[in-house]
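Next come the chains, spelled out residue by residue.
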Amino acid sequence: RPAPERHARSRLTQLIADQPFLRGSLVQRARTCGKPNCRCRNGHLHRSLYLATRHNGRRALLYVPRALEQTVRLWVQNGRSLSAQFHQLHQLQLDQLLQRKQQLSQQRAKTRTDHSP
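Description of the structure in this document.

Conventions we followed
- Per chain, residue numbering runs from 1 following the sequence as it is written.
- It should be noted that, the model being predicted, local features are given only for residues of pLDDT at least 70 and side-chain atom pairs only at 80 or more, the latter also being counted only at that level, while totals for whole chains, interfaces and linings use all residues.
- With hydrogens and water set aside, each side-chain value is computed from the structure's full complement of heavy atoms.
- The pairing criterion for strands is at least two bridges between them, as found by DSSP.
- Numbered from the N terminus, helices here are DSSP runs of H or I no shorter than four residues, and strands are runs of E no shorter than two.
- Note on definitions: angles span 0 to 180 degrees between N-to-C directions of axes, and those axes are lines fitted to C-alpha atoms, for helices only across the stretch in contact.
- A contact between two residues is defined here by any heavy atoms of the two lying within 4.5 Å.
- In a helix, the anticipated span is given by 1.5 Å times the number of residues less one.
- The cut-offs for exposure are 20% and 50% of the maximum accessible area for each residue type, with area from a 1.4 Å probe on protein chains only; residues under the lower value are buried, those over the upper are exposed, and the others partly exposed.
- In this analysis the probe radius is 1.4 Å and the grid spacing 1 Å, with only protein atoms considered; a cavity is a set of points the probe fits into but cannot get out of, a pocket is an open set with protein on both sides within 12 Å along at least five of seven lines, and lining residues have an atom within 4 Å of a point.
- Grid points are joined across faces, edges and corners, and a volume is the space filled by probe spheres set on the points.
- All amino acids are sorted into three groups, where Ala, Val, Leu, Ile, Met, Phe, Trp, Tyr, Cys and Pro are nonpolar, Asp, Glu, Lys and Arg are charged, and the leftover types, Gly among them, are polar.
- Take a side-chain nitrogen of Lys or Arg and a carboxyl oxygen of Asp or Glu: if they are within 4 Å of each other, that pair is a salt bridge.
- In what follows, roughly perpendicular refers to angles from 65 to 115 degrees, roughly parallel to angles under 35, roughly antiparallel to angles over 145, and oblique to any angle outside these ranges.
- For a crossing to be left-handed, the near helix must be turned anticlockwise from the far one by less than a right angle; the clockwise case is right-handed.

On to the sheet that holds strand β2 (residues 46-55), then. Read across the sheet, three strands follow the order β1-β2-β3 without closing on themselves; strand pairing throughout is antiparallel. Pairing within the sheet leaves two strands with one partner each, and these edge strands are β1 (25-31) and β3 (58-64). Pairs of neighbouring strands in the sheet enclose a mean axial angle of 35 degrees, with direction left out of account. Alignment of β1 against β2, held across seven bridges, turns out to be antiparallel. Of the residues in β2, the one forming a bridge with Gln 28 is Leu 49. Against the sheet, helix α2 (residues 69-114) engages β1, β2 and β3, with an angle of about 140 degrees to β1.

Structure (structure tokens):
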């Protein structure tokens, strides 16, 4: 395999094996709680963080407690790095496919011209 592909595969393997990751996005929501005398009634809304992702094939918003916020942020960033690396490997292999396809077309064209009477 060419060096760029080997490097991309190696990096992808490292990311998968060494770091936890999540696919999704972090969403911050601001809401009122419903208590009649709460500060949220005066515009100071309660802020909460959610992970927008897929769970069991369905879209889901999963509440992220403050104690896990930094962990989830890191895992989502790791997921994005993994996705970018996967995309890079995909592009390398797509380029290889297109090169092979072009070579095959050139070989066929050459065979046709060689066999022409």
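Additional details are given in the paragraphs that follow.
Helix length check: α2, at 46 residues, gives a terminal C-alpha distance of 67 Å against a target of 68 Å (1.5 Å per residue), a fit within 8%. The set of residues buried in α2 consists of Val 72, Val 76, Asn 78, Gly 79, Leu 82, Gln 85 and Leu 89. Next to the buried residues of α2 lie α1 (3-18), β1, β2 and β3.

Attention shifts here to the layout of surface pockets. Remark: the empty space left among the atoms is shown by a probe the size of a water molecule rolled over them. In this model, the largest pocket occupies a volume close to 160 Å³. Around the largest pocket sit Gln 28, His 46, Arg 47, Ser 48, Leu 49, Tyr 63, Val 64, Arg 66, Glu 69 and Arg 73, which together line it. Going through the elements one at a time, β2, β3 and α2 are the ones with two or more residues in the lining of the largest pocket. For the lining of the largest pocket, the element with the most residues is β2, which contributes four residues. Taken together, the residues of the lining of the largest pocket break down into three nonpolar, three polar and four charged.

This paragraph deals with the pattern of salt bridges. One pass over the full model with this rule turns up three salt bridges. Within this structure, Arg 1, Glu 5 and Arg 9 form a network of salt bridges that share partners.

Once that is clear, we can look at the packing of α1 against α2. Remark: α1 packs on α2, axes separated minimally by 9 Å, with the N-to-C direction vectors making an angle of 155 degrees. By the angle between their axes, α1 is roughly antiparallel relative to α2. Read as a crossing pair, α1 and α2 show a hand that is left-handed. Of the residues in α2, those in contact with Pro 4, Glu 5, Ala 8, Arg 9, Arg 11, Leu 12, Leu 15 and Ile 16 of α1 are Ser 81, Leu 82, Gln 85, Phe 86, Leu 89, Leu 92, Gln 93 and Gln 96. Across the contact of α1 with α2, the residue classes break down as nine nonpolar, four polar and three charged.

Read these as geometric descriptors, not functional statements.
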